[in-house]
Amino acid sequence: MIQRTPARIEARDASHPSEARIEPDNTPDWQQILSQSVTTPEQLLERLGLAPEDWYRGAACGHRLFPIRVPEPYLARIEPGNPDDPLLRQVLPVAQEAEVHPDFVSDPLEEASAIQTTGLIRKYTSRALLMITGQCAINCRYCFRRHFPYGDHRLGPEDRRQVIDSLSASPEINEVIFSGGDPLAVNDRLLSQWAELLGDIPHLRRLRIHSRLPVVIPQRVCDSLIDWLSRTRLQKVLVVHVNHPAEIDQATRQAFRRLSEAGVTLLNQSVILRGVNNSSATLSALSETLFEAGVMPYYLHAFDPVSGARHFSVSDTDAIRIVNEMLENLPGFLVPKLVRELPGRASKTPLDLGS
Ligand SMILES: *Cc1c(COP(=O)(O)O)cnc(C)c1O
Ligand code: SF4
């Protein structure tokens, strides 16, 4: 249970009626919302008014490979009765997930070979990725981490010491990225301890967080999160992960506003996904919606050949065509960089957009 700070209660009682709307007193907190997520095919189909005879077999089959998890605030943005809803497609398992294909593998990014010490993945010179937790607030069917052996990455006190020692001994690292799973699925006490330890390493400049939680459960942007974010000396970047404009609602916009008021730079990364966002109209609308909400587009990831997710795959040719159309529709700053992660490279690799 997250404690509300006295300052926050004062603010609510006194002069900030607009803030009071973010978390009325009878609203459950984020951990409660998370624990009440839909986690079975039956619940998901019933909640969304989809006929079990059409969808149950596929849903149950995919669910056995990678369990369903969808929190209520995300469900509320899905149009009931519409099997083609772009948000639904990201969370509803289908029979194709069980298909085996030789080009679609379980660790397409070869992350297993980049592990520095337990929990620390280092592929690039100036930044290191800290796997805070394997847990996520939502299970996305296309996720390239769906097969990752998270069980091996639970960090104990000794692991934490080793991570800090390793970072302290690497002056070329200036940025630590909280990743996972979803790093914000962990409580703020633990996160603020990490932030404090990292803040004591003089050569670190930035703390970056990659999380889908502020979108999936906007209530995650609570007082205690804002509190430790405001306290760290490190510059803060939050990379949210939105694939479709319908994922952004009023509550998400308020959560983004609170984060930017706390000095957090907000960026977005998406994955190009067939049936979700594979058109320049949708992705242009996404960029516009993000910018209105104070978030800058950062990366558009080309599809990685993850086993079980082939039905989402968009060819590079199509992705390149779509981004070229976006360049015609949008100011340059609203066009995300189309990249792919290739094993062994010193950075993400931009796709050649041609001439
Ligand atoms: C993607 C990634 C980063 C961050 O790369 P940027 O290009 O800085 O966003 C860092 N470490 C690892 C292991 C990554 O996969
Ligand atoms: S790591 Fe990100 S994309 Fe993958 S399931 Fe978790 S929230 Fe979804």
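## Some remarks on the pairing of strand β7 (residues 264-271)
Link 1 in the chain: With 7 of its 8 residues buried, β7 lies for the most part within the structure.
Link 2 in the chain: Across 5 bridges, the pairing between strand β6 (residues 235-240) and β7 is parallel. In the strand pairing of β7, V240 is matched with N268.
Link 3 in the chain: Crossover handedness for the path β6 to helix α12 (residues 250-261) to β7: right-handed.

## Some thoughts on the packing of aromatic side chains
Link 1 in the chain: Scanning the model with the defined rule gives 3 aromatic pairs in all.
Link 2 in the chain: Seen from their ring centres, Y142 and F312 are 6.0 Å apart, and the 90° between their planes marks the pair as edge-to-face. Of the two residues, Y142 sits in the loop between β3 (127-133) and α8 (157-168) while F312 sits in the loop between β8 (296-301) and α14 (316-329), which places them 170 residues apart along the sequence. Take Y142 and F312: they sit in the same class, and that class is buried.
Link 3 in the chain: Here F291 and F333 contribute two aromatic rings whose centre-to-centre distance is 5.6 Å and whose plane-to-plane angle is 55°, an arrangement assigned as tilted. Of this pair, F291 sits in helix α13 (residues 280-292) while F333 sits in the loop between α14 and β9 (337-340), and the two are 42 residues apart along the sequence.
Link 4 in the chain: Given a relative accessible area of 39%, F291 falls into the partly exposed group.

## Topic: the pattern of salt bridges
Opposite charge on two side chains permits pairing when their charged atoms draw close.
Link 1 in the chain: Counted under the stated rule, the structure contains 16 salt bridges.
Link 2 in the chain: A salt bridge links D249 to R77; the shortest N-O distance between them is 3.1 Å. In this pair, D249 sits in the loop between β6 and α12 while R77 sits in the loop between α6 (72-75) and α7 (88-91), placing the two residues 172 residues apart along the sequence.
Link 3 in the chain: Judged by its relative accessible area of 23%, D249 falls in the partly exposed class.
Link 4 in the chain: Judged by relative accessible area, which is 12%, R77 ranks as buried.
Link 5 in the chain: A salt bridge links R141 to E97, with the shortest nitrogen-to-oxygen separation between them at 2.9 Å. With R141 in the loop between β3 and α8 and E97 in the loop between α7 and β1 (115-117), this pair connects stretches of sequence that are 44 residues apart.

What counts, and at which threshold
Residues numbered from 1 in each chain as written. Chains lettered and ligands numbered in written order. Predicted model: local features only at pLDDT ≥ 70, side-chain atom pairs only at ≥ 80, totals over all residues. Heavy atoms only, no water. Buried < 20%, exposed > 50% of the residue type's maximum accessible area, 1.4 Å probe, protein only. Helix = DSSP H or I, 4+ residues; strand = E, 2+ residues; numbered from the N terminus. Pairing = 2+ DSSP bridges. Right-handed = clockwise from strand over helix to strand, strands pointing away. Phe/Tyr/Trp six-rings, centres within 6.5 Å; stacked < 30°, edge-to-face > 60°. Salt bridge = Lys/Arg side-chain N within 4 Å of Asp/Glu carboxyl O.

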